[in-house]
Amino acid sequence: MTIMTEVVRSRLNLRDKALLKAEAYVGGRWTMGDTSGRSTVVDPSDGRIVAEVPSLTLAEIQRCIDQAYALQRSWGASLVKTRSAILRKWYELVLENADDLAAILCMEQGKPLSEAKAEVVANAGFLDWYAEEAKRINGDVIPGARADQRILVMKQPVGVCAAITPWNFPNGMVTRKVGAALAAGCTVILKPAPQTPLSALALAVLAERAGVPAGVFSVVTGDAPMIGAEICKNPKIAKISFTGSTAVGRWLMREAADSIKRLSFELGGNAAFIVFDDADLDSAVEGAIASKFRNAGQTCVCANRIYVQSGIAGEFTKRFLDRVAGIRLGPGSDPATTQGPLIDHRAVEKVEAHIADAVGKGASVACGGKRSALGGTFFEPTVITGVKPGMRVLKEETFAPLAPLISFDREEDVIAMANDTEYGLVGFFYSRDLSRVWRVAEALETGMVGVNTGLIANEMAPFGGIKQSGFGREGSTRGLDDFLNLKYLSLNGI
């Protein structure tokens, strides 16, 4: 344990200080690794180093995979009631320690403490959900093709799973992936984002306490390209579940192609948020604020393009700007903060580039548009108007508190604009016309649609996208499908 982590542990004033870990969790053992290699974790609100975690060697990663592989058969054969009870206990422990988990998350990721706790509590629901779904891994009996034949279909765990999670939801993306895999009977190796490993390690502490057997769930830290390459090439890894950028998703697909691994990807987004002239305007403004500025705009499902029908565009813009003016920048630990910093300086440079491109092509900055006087990676909540086709902000995922407003006239025009992207994760629209609700919901080329809401995620629904936003689903009754193999049994001579 580093001295810096001891200082941070004291500063956070955690109820359970053992949750703040700076070691990897490999094979049921907490370790700093075989070498002196370390990677730093930084608080984005002030740039201070808060911890150093080990950079595991290739040999250590391979040993971790070997152990998970050796345990796969026994864990897969365990009683579903056993797996269910462990997941339920893990869920209860997460809720009991939600304040501490939120404080750790807030420190390493930067989002406001209230958002951090909402992430912890809401996504704990995936553990609860999969604790129940583990009991419903049901097969089928199908009428045979001949009188003496019976056809059975059974479901079995796919094998050792590698889960790769992002920095924007460092707690929530763990529970939804690992919960499903463990429920299905798969052993799991988790690789958290290098910016935010502490939340994953804290969850591992609670998983250990909940009774997850040693080696069934591990958390590895270190060089992402090296670990990613080994995950893709190692034949003992049967499946990869990844949430992150489309560019990295493409790389993982190429690297894993030779071994034909099972893949489920939740990749980039470019969500259109459409407000029709028959919408409840106040509700639409609130939905746009929630969708766009949650987590400082650093979500794959946030409103990246806001289209407003021309008849109400002026009034919507006025009300929207009034609400944006009330957003308070600050460190996530300040209870008054409603928007924290961006994750790093590259994120700041990207949003600056998008604004410069838009302004250079004729757009106007209605508010914000620059780095905050707070310094560091704080960036003002920004609204730009006069956005036209050809601007980068319409084609690329900004991942920052930048809201471009685009006016449109006809329904068919905005649908065409909304679908003019390589991404297909989610779309949002506001309308009180039931016929339009059905038409637009069916026409949007996305895996998910939010109607009269800016927030859609929950454990009961199948979360995921189409096109280059990925494939596979997390949550719902379908959430286990990607972690299970179907086996057809042909019984003859009956």
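Since the structure is predicted, the reported quantities are computational estimates derived from the model, not experimental observations. (Residues numbered from 1 in each chain as written. Predicted model: local features only at pLDDT ≥ 70, side-chain atom pairs only at ≥ 80, totals over all residues. Heavy atoms only, no water.)

Draft legend 1. Up close: the side chain of Arg436. On the secondary structure map, Arg436 appears in helix H15 (residues 434-443). Side-chain polar atoms of Arg436 contact the side chain of Asp278, separated by 3.0 Å. Those residues in contact with Arg436 that sit more than four places away from it in its chain are Phe276, Asp277, Asp278, Gln309, Glu411, Phe429, Ser431 and Ala441. (Helix = DSSP H or I, 4+ residues; strand = E, 2+ residues; numbered from the N terminus. Polar contact = N/O pair within 3.5 Å; in protein donor to acceptor, adjacent residues only side chain to side chain. Contact = heavy atoms within 4.5 Å.)

Draft legend 2. Local environment of the sheet that holds strand S6 (residues 150-157). With antiparallel pairing, the three strands of this open sheet are ordered in space as S5-S6-S22. Looking along the sheet, the strands with just one partner apiece sit at the ends: strand S5 (140-142) and strand S22 (484-491). Going from strand to strand, the sheet's axes swing by 25 degrees on average, the running direction of each strand aside. Pairing between S5 and S6: three bridges, direction antiparallel. Each residue of the ladder has a partner; that of Asp140, found in S6, is Val153. (Pairing = 2+ DSSP bridges. Axes fitted to C-alpha atoms, helices over the stretch in contact; angles between N-to-C directions.)

Draft legend 3. The arrangement of the packing of aromatic side chains in detail. Under the criterion given, the structure shown has 12 aromatic pairs. Arranged with centres 6.5 Å apart and planes meeting at 35 degrees, the rings of Phe126 and Tyr130 form a pair that is tilted. You can see Phe126 and its partner Tyr130 sitting in helix H5 (residues 113-133), four residues apart, about one turn around the helix. Taking the relative accessible area as the measure of exposure, Tyr130 reaches 0% and is therefore buried. Ring geometry for Phe276 and Phe408: centres 5.6 Å apart, planes at 85 degrees, overall edge-to-face. Here the residue Phe276 occupies a position in the loop between strand S12 (271-275) and helix H10 (281-293), and Phe408 occupies one in strand S16 (residues 402-408), the gap between them amounting to 132 residues. Among the residues examined, Phe276 registers a relative accessible area of 0% and is labelled buried. Three or more aromatic residues joined by ring pairs form one cluster here, namely Phe242, Phe265 and Phe471. (Phe/Tyr/Trp six-rings, centres within 6.5 Å; stacked < 30°, edge-to-face > 60°. Buried < 20%, exposed > 50% of the residue type's maximum accessible area, 1.4 Å probe, protein only.)

Draft legend 4. Looking closely at the pairing of S16. The buried fraction of S16 amounts to six of the seven residues, a majority that puts the element mostly inside the structure. In the sheet, strand S13 (residues 303-309) pairs with S16 via four bridges, with the strands oriented parallel. What sits directly across from Ile306, in S16, is Leu405. Of the strand pairs in this sheet, strand S15 (residues 382-385) and S16 are connected by three bridges, and their pairing is parallel. Residue pairing across strands places Thr382 opposite Leu402, the latter belonging to S16.

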